[in-house]
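Residues per chain are reported as follows:
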Amino acid sequence: MEGTNPVNKKLAAALSGGAVLVLALTGCSGSSDDGKNDELNAWAKQVCDGVQPQARKIEAASAAIQKQTSDNTPTTTVQKTDAQAFQDMSDAYKAIGAAVSRAGAPKVDGGPKKQQDAVKELNDLGASYATLKQQVDKLDTKDQAKFADGLKDIATQLDKLSRTGNDALKTLEQGDVGKAMATQPSCKSASAPASTAKS
């Protein structure tokens, strides 16, 4: 079983980069808003309240994969755990996309485009994780070397995904939107776990 752990460690490391994606939507970086824009604050509350449970789901999925790196886990267990984690992440990103979609466009310059781009990005992420889940399902658990190679390939894709996936989310949460989101307790708590995640 030697090959499983280091490879799944790579997967876990790539995955911890993926947690950043949801943080882009938690807007915890802005300074607090002075309450001038009640409409924007209401929008931010709706989005943040929708993001919070999904952020927890992503965090739990990431933790499940991380856990498989610490002991000599059988390939079948790794496969089952990773597949479930990717499915959960896929569902979570789609649900965040739905929350941003339901909230409507924020009342800022270019709000409708920013919202549409972010929703598309989130749905694309959901689809990408669903594809990774299918790939994990197809791995050959009986052949250790092939299994390790397959996981390595998935880790590479995951790493790429975590680097390229959040431009529209960053754009959405710039300026006043970010400030409004920073005041929401649910956005603050959504972002807390990932900052303490083990690398």
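Note that the coordinates shown come from a computational prediction; the quantities given were computed from them, not determined experimentally. Residue positions are given per chain, counted from 1 along the sequence in the order it is written. Side-chain atom pairs in this predicted model are given and counted only at pLDDT of 80 or more, local residue features only at pLDDT of at least 70, and totals for whole chains, interfaces and linings cover all residues. The side-chain quantities take in all heavy atoms of the structure and omit both hydrogens and water.

### Quick notes on the state of the cysteines
Heads up, the rule is: Only a pair of cysteine sulfur atoms within 2.5 Å qualifies as a disulfide here. Secondary structure follows DSSP: runs of H or I at least 4 residues long count as helices, runs of E at least 2 residues long count as strands, and numbering of each begins at the N terminus. In this scheme, a residue with accessible area under 20% of its type's maximum is buried, one over 50% is exposed, and one in between is partly exposed, where area comes from a 1.4 Å probe on protein chains only.
If you walk through the whole model with that rule in mind, you get 1 disulfide. The disulfide bridge from cysteine 48 ends at cysteine 187, spanning 1.9 Å between sulfur atoms. Disulfide cysteine 48 to cysteine 187: torsion about the S-S bond roughly -85 degrees, handedness left-handed. With cysteine 48 in helix H2 (residues 38–67) and cysteine 187 in helix H8 (residues 185–195), this pair connects stretches of sequence that are 139 residues apart. Under the relative-accessibility criterion, cysteine 187 is labelled buried at 0%.

### Looking at the packing of helix H3 (residues 75–103) against helix H4 (residues 111–138)
How two helices pack is summed up by the angle between their axes together with the distance between the axes. Convention followed: Inter-axis angles, ranging from 0 to 180 degrees, are taken between N-to-C directions of lines fitted to C-alpha atoms, where helices are fitted over the stretch in contact. Angular relationships are summarised with four words: roughly parallel below 35 degrees, roughly antiparallel beyond 145, roughly perpendicular across 65 to 115, and oblique for the angles in between. Whether a crossing is left-handed or right-handed is set by the direction in which the near helix is turned from the far one by less than a right angle, anticlockwise for left-handed and clockwise for right-handed. Residue polarity follows a fixed list, in which Ala, Val, Leu, Ile, Met, Phe, Trp, Tyr, Cys and Pro are nonpolar, Asp, Glu, Lys and Arg are charged, and the others, Gly among them, are polar.
Packing of H3 against H4 leaves a shortest axis separation of 8 Å and a crossing angle of 165 degrees. Between H3 and H4, the interaxial angle falls into the category roughly antiparallel. The hand of the H3/H4 crossing is left-handed. A class-by-class count of the residues in the contact of H3 with H4 yields 14 nonpolar, 8 polar and 5 charged.

### Some thoughts on the side chain of threonine 75
Keep this limit in mind: Counted as a polar contact is a pair of N or O atoms within 3.5 Å, where, for protein atoms, one must be capable of donating a hydrogen and the other of accepting one, and residues adjacent in sequence contribute only when both atoms are in side chains.
Here threonine 75 is to be found in helix H3. Its relative accessible area of 4% is what places threonine 75 among the buried residues. One polar contact links the side chain of threonine 75 to the main-chain carbonyl oxygen of threonine 141, over a distance of 2.8 Å.

### Focus: the confidence of the model for the chain
The criterion, for reference: Confidence scores labelled pLDDT are given residue by residue by the predictor and lie between 0 and 100. Throughout, a residue-residue contact means that at least one pair of heavy atoms, one from each residue, lies within 4.5 Å.
Counting all residues, the mean pLDDT for the chain is 80, and 77% of those residues have values of 70 or more. Confidence scores differ between elements of the chain, with helix H1 (residues 4–24) showing the lowest mean pLDDT of 61 and H4 the highest of 94. Across residues 27–33, where pLDDT falls below 50, the model places 15 contacts with residues more than four positions away in sequence or in other chains. In this model, residues 193–199 is a region of pLDDT below 50 whose contacts with residues beyond four sequence positions or in other chains number 7 contacts.

### Observations concerning the nonpolar core
For clarity, the threshold we go by: By nonpolar core we mean a set of buried residues, namely Ala, Val, Leu, Ile, Met, Phe, Trp, Tyr and Cys, connected to one another through side-chain atoms within 4.5 Å.
Grouped together as the largest cluster of nonpolar side chains are 42 residues, with contacts concentrated most on Leu11, Trp43, Phe86, Tyr129 and Met181. Not counting chain neighbours up to four residues away, the residues in contact with tryptophan 43 comprise Ala103, Gly104, Ala105, Pro106, Leu172, Val177 and Met181.

### Things to note about the packing of aromatic side chains
So the rule is basically this: Working definition: rings of Phe, Tyr and Trp (its six-membered ring) pair if their centres are within 6.5 Å, and the pair is stacked with planes under 30 degrees apart, edge-to-face with planes over 60 apart, and tilted otherwise.
Overall, the coordinates contain 2 aromatic pairs when judged by the stated rule. Centre to centre, the rings of phenylalanine 86 and tyrosine 129 are 6.2 Å apart; their planes meet at 35 degrees, and the pair counts as tilted. Separated by 43 residues along the polypeptide, phenylalanine 86 in helix H3 and tyrosine 129 in helix H4 bring together distant segments of the chain. Residue tyrosine 129 is classed as buried on the basis of its relative accessible area of 0%. When the centroid spacing of 5.4 Å and the interplanar angle of 15 degrees are considered together, the rings of tyrosine 93 and tyrosine 129 count as stacked.

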